[in-house]
Amino acid sequence: LRMAKDKNITTIIVGHVNKDGLIAGPKVLEHIVDTVLYFEGEKFHNFRILRATKNRFGCTDELAVFEMKEKGLNSIANPSFLFMSQNKDSVPGSTYCAMSEGTKIIIAEIQALVGGTSYTSPRRVANGLDYNRVLQIIAILERRVGFNFSKHDLFVNLVGGLTCDEPALDLSIAMSIVSCKQDVMPQKRTLYIGEIGLTGEIRQVNQIENRIKEGIKLGFERVVIPHGTDIQNKTRKEIEVIECKKVLDAIRTSLTTP
C-alpha cells in the first residue's frame, strides 16, 4: 500500500474466496484497497460476470458481462440475450422478469417445477434467488390465493446461473409457480414486474420505465405491472400494459389454458 501511494501506481491484488464467500486470509485486505472486484463464473456456462462490492471512487451497483471465446473474453453489450431461453414458445412454469443491475437492465427467465411428493416435508429449492423470499411467496399464494403446496416439491430457478434477490422478481416467481401448478401457459411474450406484499398486493418497484423499455427492445408485447404505475404515453403505445392490484388479478388476466 505504501509503495503504491508513494510511486502513484496502480496495484492489483488477487485473492481467493473461501467456502463462506469471504476473502480468505486477513480481512484487512478489503480495507486497504480502494476497489474490490468479484469476477464470477458458472462452470456450466461460457459467460463471466464482473461486479464491484467496494468502490471509493464510484458506485458498486454496476455489472459487466463477458463471454468466453476461443481468443479470450468478449464484452457483452446486451446480456439479456444470454439469459433468455432459446425456446421462444410459452410453456407452463416459465416466465420472464426484468432485473436491475445498476444502470443495466437484464431480462431473464424464471422457471418453476411443482411436483407431488410422498414425504411429510416437501422440498423447497431456489437457485439464484433468495430462498427465504421464495418461501414467503409460496406462503402468500397459499394464504391469499388458496393454493396448497403441502404435498408438493417445489423448485425455482433463475436461468443462466444468475443471482438476484431484488423484490421486483416476486411477480415473475409467483406466476411461474402458479403456471406450473395449474399446468397452464403464461401469455406469450409477457414480462412480469412487481413486488408482492404479504397481503397479496402487487407493489411498486424502482426503474420500472427502464425495465419496460428493455422488454420492448427484446420484442415483448405485454407487461404486467402494479396498478397505478406512472408510465409515459409513448411507452404505453409500444407495449400492452396490464395493471393489477393483487397477485390473483395477475393470475386471472395473464394465464391461459394450453
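This structure is a prediction, so every number in the text was calculated from the model and none was measured.

**Student:** I'd love a proper account of the pattern of salt bridges, names of residues and values included.
**Tutor:** Opposite charge on two side chains allows them to pair when their charged atoms are near. A complete count under the given rule lists ten salt bridges for this structure. Arg56 is paired through a salt bridge with Asp34; the nearest N and O atoms lie 2.9 Å apart. In this pair, Arg56 sits in the loop between β2 (47-55) and β3 (63-69) while Asp34 sits in the loop between α2 (28-32) and β1 (35-41), placing the two residues 22 residues apart along the sequence. When its relative accessible area of 32% is taken as the criterion, Asp34 is described as partly exposed. Close ionic contact of Arg189 with Glu221 constitutes a salt bridge, the shortest N to O distance being 3.0 Å. Pair noted here: Arg189 is in the loop between β9 (185-186) and β10 (190-192) and Glu221 is in the loop between α6 (208-217) and β13 (222-226), with a separation of 32 residues, a long-range link. Judged by its relative accessible area of 52%, Arg189 falls in the exposed class. Note on Glu221: relative accessible area 37%, which makes it partly exposed.

**Student:** Lay out helix α5 (residues 170-182) with the relevant residues and their values.
**Tutor:** Its 13 residues give α5 an end-to-end C-alpha distance of 18 Å, which sits within 8% of 18 Å, the value for a rise of 1.5 Å per residue. Across the 13 residues of α5, eleven count as buried, placing the element largely inside the fold. Of all the residues in α5, the buried ones are Asp170, Leu171, Ser172, Ile173, Ala174, Met175, Ser176, Ile177, Val178, Ser179 and Cys180. One or two positions beyond α5, positive phi appears at Asp183, with a value near 55 degrees.

**Student:** So what's going on with unusual backbone geometry? Which residues, and what values?
**Tutor:** Unlike most non-glycine residues, Asn8 shows phi in positive territory, near 55 degrees. Position of Asn8 relative to the elements: it lies in the loop between α1 (2-7) and α2. Judged by its relative accessible area of 71%, Asn8 is exposed. Despite not being glycine, Arg189 has its phi angle at roughly 55 degrees, a positive value.

**Student:** Requested: an account of the sheet that holds strand β7 (residues 124-127), with residues and values cited.
**Tutor:** Ordered in space as β7-β8-β6-β5-β10-β13-β14, the seven strands form an open sheet in which the pairing is mixed. Among the strands making up the open sheet, the edge pair consists of β7 and β14 (240-244). Averaged over neighbouring strand pairs, the angle between their axes works out to 25 degrees when direction is ignored. Sheet analysis places β13 next to β14, joined by five bridges and oriented parallel.

Conventions adopted
- Residues numbered from 1 in each chain as written.
- Predicted model: local features only at pLDDT ≥ 70, side-chain atom pairs only at ≥ 80, totals over all residues.
- Heavy atoms only, no water.
- Salt bridge = Lys/Arg side-chain N within 4 Å of Asp/Glu carboxyl O.
- Helix = DSSP H or I, 4+ residues; strand = E, 2+ residues; numbered from the N terminus.
- Buried < 20%, exposed > 50% of the residue type's maximum accessible area, 1.4 Å probe, protein only.
- Expected span 1.5 Å × (residues − 1).
- Pairing = 2+ DSSP bridges.
- Axes fitted to C-alpha atoms, helices over the stretch in contact; angles between N-to-C directions.

Spatial relationships are all this shows, so hold off on functional conclusions.
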